[in-house]
Amino acid sequence: MPRTENDQGLICSSQIVIYVDEEQSTKEENDQVISQMPCGTNMASKGFDKAQRTTLQAVTVQPQLVNTSGKALESGRRDQSENREEKEDDKTAISSTAGEVSDDTTNLPGGICHESTTEHDSNSLIKKCPAKSCEDIKEKRKDAASGVNWIKPGGGQIVQAYCDQETNGGGWTLVYSYTFTNFRAFRHDSNAITPRPNWPISNHVGNVHQSTTPPVSELDYNAMDFNLWKFLGSEFMVKSNINHWIACKEGSGSLVEFKTGSVLCRIIKNVASKWHNYVPDKLILHAAGNPAGSTLGPGLIRSQSSSWLKEYYYFESNTRTGNWPTHEPCGTNSLNHLTNVINPHGNIYIR
């Protein structure tokens, strides 16, 4: 059975031998298996040092190079041009765990879509093996790290998305990152959030830039196609560096379904200097002061507030209405947000 060595001195073979039965193997059989594994296979992770099986089965596969994490990189028979293209694809893959196995791959050692077996491999999912969501990644690997991952919401388009795997248990997919058009004059009608998602609004839409590009960081001001949000979950989290972080579950209202009603919110982190631990309790689509019947972006209000205007978060996206994008920790539509901050912004996550 031919073997070669690559530039790193790793063994490459055109066959993979796997154990079938659960009996004690001989040292010679064990050595044979090790000698025939693809280059870079982590022997300790495969359990070959314990020699617990006897019957061997040879499986013929295309020769390929495998890095130390076990991820297939290139076929030895591809031309140089294809080789470069595949490596570029691999460089963009930054994932926290293995996703679903695609139809054209296997879980044989050295295969593309296999479960992570080493610490290094915990961030090596490639585009061919997207997860369903960041929550899907967290469920498959409890120690998944935050970062950019390939996901396939609803089984449709494969996209890159940022996952927060630390805040409030992790599993959060970033769907929206925004900033402000006139933060210094926060209450002026020229101030709005930007960009705006493609909210399902038919009239009086916002006049700031609309985005359907998934943000890959909290400072990458973009928004994932709103039609994909519902495939990521129903719970949402709002993070901002000028107002409290909150997480909300659906009641009679729903952000991903764009429906007015109650929401069950909790504090994740107090950010503003006062009014700690207050949370909104209702999602609205028609904020006071909007043109009649218009929806310029959803709002979160604290209905128990004694103020006439009860906005806590208002994602207002028009600079010509006289409204402004409230970020108010008490739910009184006031100016109690933090002001002296660098890169004022906010983010919406779904889980």
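Values in this document were obtained by computation on a predicted structure and should not be read as measured data.

**Topic: the pattern of salt bridges**
Okay, so step 1: Per the counting criterion, the structure on display carries six salt bridges.
Okay, so step 2: Notably, a salt bridge pairs K239 with D164, separated by 3.1 Å at the nearest N-O pair. Here K239, found in strand β11 (residues 236–240), pairs with D164, found in strand β8 (residues 159–164); they are 75 residues apart in sequence, far enough to count as distant.
Okay, so step 3: We classify K239 as buried; its relative accessible area is 6%.
Okay, so step 4: On the accessibility criterion, D164 (4% relative accessible area) is buried.

**Quick notes on the pairing of strand β13 (residues 261–269)**
Okay, so step 1: For strand β12 (residues 245–250) and β13, the ladder comprises six bridges, and the chain directions are antiparallel. Of the residues in β13, the one forming a bridge with K249 is L264.
Okay, so step 2: Here β13 runs beside strand β14 (residues 282–284); their pairing, made up of two bridges, is antiparallel. Across the sheet, G261 pairs through a bridge with L283, a residue of β14.

**Some details on the confidence of the model for the chain**
Okay, so step 1: Summary statistics for the chain give a mean pLDDT of 73 and a share of 61% for residues scoring 70 or more.
Okay, so step 2: Note on residues 1–112: pLDDT is under 50 here. Beyond four places in sequence and across chains, it has 221 contacts.
Okay, so step 3: Counted against residues more than four places away or in other chains, residues 114–124, with its pLDDT under 50, gives 33 contacts.

**Side note on the packing of aromatic side chains**
Okay, so step 1: Applying the stated rule across the entire model yields 16 aromatic pairs.
Okay, so step 2: Taking 5.8 Å as the distance between ring centres and 80° as the angle between the ring planes, the aromatic pair formed by Y178 and F315 counts as edge-to-face. Of this pair, Y178 sits in strand β9 (residues 172–180) while F315 is found in the loop between β16 (311–314) and β17 (346–350), placing the two residues 137 residues apart along the sequence.
Okay, so step 3: We classify F315 as buried; its relative accessible area is 3%.
Okay, so step 4: With a centroid separation of 4.9 Å and 55° between ring planes, the pair formed by F226 and W229 is classed as tilted. You can see F226 and its partner W229 sitting in helix α5 (residues 226–229), three residues apart, about one turn around the helix. Each member of the pair, F226 as well as W229, carries the same accessibility label: buried.

**Considering the side chain of Q165**
Okay, so step 1: With respect to the helices, strands and loops of the structure, Q165 is situated in the loop between β8 and β9.
Okay, so step 2: Reaching out from Q165, the side chain makes a polar contact with the backbone oxygen of C134 at a distance of 3.2 Å.
Okay, so step 3: Not counting residues within four places of it along the chain, the set of residues in contact with Q165 comprises C134, I137, K138, A144, A145, S146, G170, G171 and W172.

**Section: the environment of K269**
Okay, so step 1: Mapped onto the elements of the fold, K269 is located in strand β13.
Okay, so step 2: Given the relative accessible area of 42%, K269 is considered partly exposed.
Okay, so step 3: Each C-alpha atom of the pair K269 and W245 lies 5.0 Å from the other, and the pair is 24 residues apart in sequence.

Criteria and thresholds
- Numbers given for residues are sequential positions, taken from 1 along each chain in its written order.
- Per-residue local features of the predicted model are confined to residues with pLDDT of at least 70, and side-chain atom pairs are confined, for both listing and counting, to 80 or more; whole-chain, interface and lining totals are unaffected and use all residues.
- Note that water and hydrogens are dropped before the side-chain values are worked out from all heavy atoms of the structure.
- Salt bridge, as used here, is a side-chain nitrogen of Lys or Arg placed within 4 Å of a carboxyl oxygen of Asp or Glu.
- Strands here are runs of E lasting at least two residues and helices are runs of H or I lasting at least four, both read from the DSSP assignment and numbered beginning at the N terminus.
- In this scheme, a residue with accessible area under 20% of its type's maximum is buried, one over 50% is exposed, and one in between is partly exposed, where area comes from a 1.4 Å probe on protein chains only.
- Between any two strands, pairing holds if DSSP finds at least two bridges.
- Summary of the metric used: pLDDT quantifies the predictor's per-residue confidence within the range 0 to 100.
- We call two residues contacting when some pair of their heavy atoms lies within 4.5 Å.
- Ring geometry is summarised as follows: Phe, Tyr and Trp rings, the Trp one being its six-membered ring, pair when their centres sit within 6.5 Å, and such pairs are stacked at plane angles under 30 degrees, edge-to-face over 60 and tilted between the two.
- Whenever two N or O atoms come within 3.5 Å, that pair is a polar contact, provided that in protein one can donate a hydrogen and the other can accept it, and provided that, for residues adjacent in sequence, both atoms are side-chain atoms.

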